[in-house]
Amino acid sequence: MEENKMEVTCGTEHAKEGLCCHQKATPREEKGIKLLKNRLSRMTGQLNGIAKMLDENRYCGDILIQVAAVESALQAFGYLVLQEHMATCVVEEIQKGNLGVVEETVELVKKLK
């Protein structure tokens, strides 16, 4: 583990896969956090809407359209986080000589598909 990174216990599958959870070395800007949280809130609303559609016994096709919308929104969210990761975390690690971060990033991109 890098000296300047603080490991935290995340209790997720990531730990089982050998992907440690770390604190970011460069804090996110408040504006960026707000943007990401707003996107998450919208997705939460969409998921709650899907649950309501199930309760209302709505047509399967309508539900699938909403599922696709949530998937698309979540993927766009992931790409925003990836972009930030590459612009901050990856650049900083490469500048410190840690080229292993490139392989880690490639694996993350694969998971985003």
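It should be emphasised that the depicted structure is a prediction, and the values quoted were computed from it without experimental measurement. (Residues numbered from 1 in each chain as written. Predicted model: local features only at pLDDT ≥ 70, side-chain atom pairs only at ≥ 80, totals over all residues. Heavy atoms only, no water.)

Caption draft 1: Spatial organisation of the overall build of the protein chain. Across its full length, the protein chain carries four helices and two strands. Counting from the amino terminus, helix and strand elements in the protein chain follow one another as β-α-β-α-α-α. Sorting the 113 residues of the protein chain into buried and exposed places 17% on the buried side. Residue pairs in contact within the protein chain that sit at least 24 positions apart in sequence constitute 51% of those at least 6 positions apart. For the protein chain, the exposed area adds up to about 8,600 Å²; of that, 57% sits on carbon and sulfur atoms. (Helix = DSSP H or I, 4+ residues; strand = E, 2+ residues; numbered from the N terminus. Buried < 20%, exposed > 50% of the residue type's maximum accessible area, 1.4 Å probe, protein only. Contact = heavy atoms within 4.5 Å. Areas by Shrake-Rupley, 256 points an atom, 1.4 Å probe, with all protein chains shown as cover.)

Caption draft 2: Focus on a nonpolar patch on the surface. Together, Ile 94, Leu 99, Val 102 and Val 106 make up an exposed nonpolar region whose accessible area comes to about 330 Å². In this structure, Val 102 sits in helix H4 (residues 100-112). Classification of Val 102 by relative accessible area gives partly exposed; the value is 40%. (Patch = residues over 30% accessible without salt bridge, like charges linked within 9 Å, V, L, I, M, F, W, Y side chains within 5 Å. Salt bridge = Lys/Arg side-chain N within 4 Å of Asp/Glu carboxyl O.)

Caption draft 3: Examining helix H3 (residues 60-95) more closely. Between its first and last C-alpha atoms H3 spans 51 Å; for 36 residues at 1.5 Å apiece the expected length is 52 Å, and the two agree. Along H3, the sharpest change in direction is near 40° and occurs at His 85. Restricting attention to buried positions, one finds in H3 the residues Ile 63, Val 70, Phe 77, Gly 78, Leu 82, His 85, Thr 88, Cys 89, Val 90 and Glu 93. Contacts from the buried residues of H3 go to helix H2 (30-55) and H4. (Expected span 1.5 Å × (residues − 1). Bend = angle between axes of the 7 residues up to and from the residue.)

Caption draft 4: Here's a closer look at the confidence of the model for the protein chain. The pLDDT averaged across the protein chain works out to 84; a share of 81% of its residues lies at or above 70. The least confident element of the protein chain is strand E1 (residues 7-8), whose mean pLDDT is 34; the most confident is H2, at 96. Contacts from residues 1-12, a stretch scored under 50 in pLDDT, to residues over four places away or in other chains number 19 contacts. (pLDDT = per-residue confidence, 0-100.)

Caption draft 5: Main features of the packing of H3 against H4. Following both chains from N to C, one finds H3 and H4 inclined at 175°, their axes separated by 11 Å at the closest point. One finds that H3 runs roughly antiparallel with respect to H4. Each of Gln 75, Gly 78, Tyr 79, Leu 82, His 85, Met 86, Val 90, Glu 93 and Ile 94 in H3 lies in contact with H4, whose residues at this interface are Val 101, Val 102, Glu 104, Thr 105, Leu 108, Val 109 and Leu 112. The class makeup of the residues in the contact of H3 with H4 is ten nonpolar, four polar and two charged. (Axes fitted to C-alpha atoms, helices over the stretch in contact; angles between N-to-C directions. Parallel < 35°, antiparallel > 145°, perpendicular 65-115°, else oblique. Nonpolar A, V, L, I, M, F, W, Y, C, P; charged D, E, K, R; others polar.)

Caption draft 6: Structural view of H2. In this model H2 runs 37 Å from its N-terminal to its C-terminal C-alpha over 26 residues, within 8% of the 38 Å that 1.5 Å per residue would give. Where H2 is concerned, the buried positions are Leu 36, Met 43, Ile 50 and Met 53. Buried residues belonging to H2 abut H3.

Caption draft 7: Inspection of the pattern of salt bridges at higher detail. A full pass over the atoms with the stated rule returns five salt bridges. Taking the shortest distance from any N to any O, the salt bridge between Lys 110 and Glu 107 comes out at 3.2 Å. On the criterion of helical spacing, the pair formed by Lys 110 and Glu 107 is a turn pair, its members being three residues apart in helix H4. Several salt bridges converge on common partners, so that one network encompasses Lys 52, Glu 56 and Arg 58.

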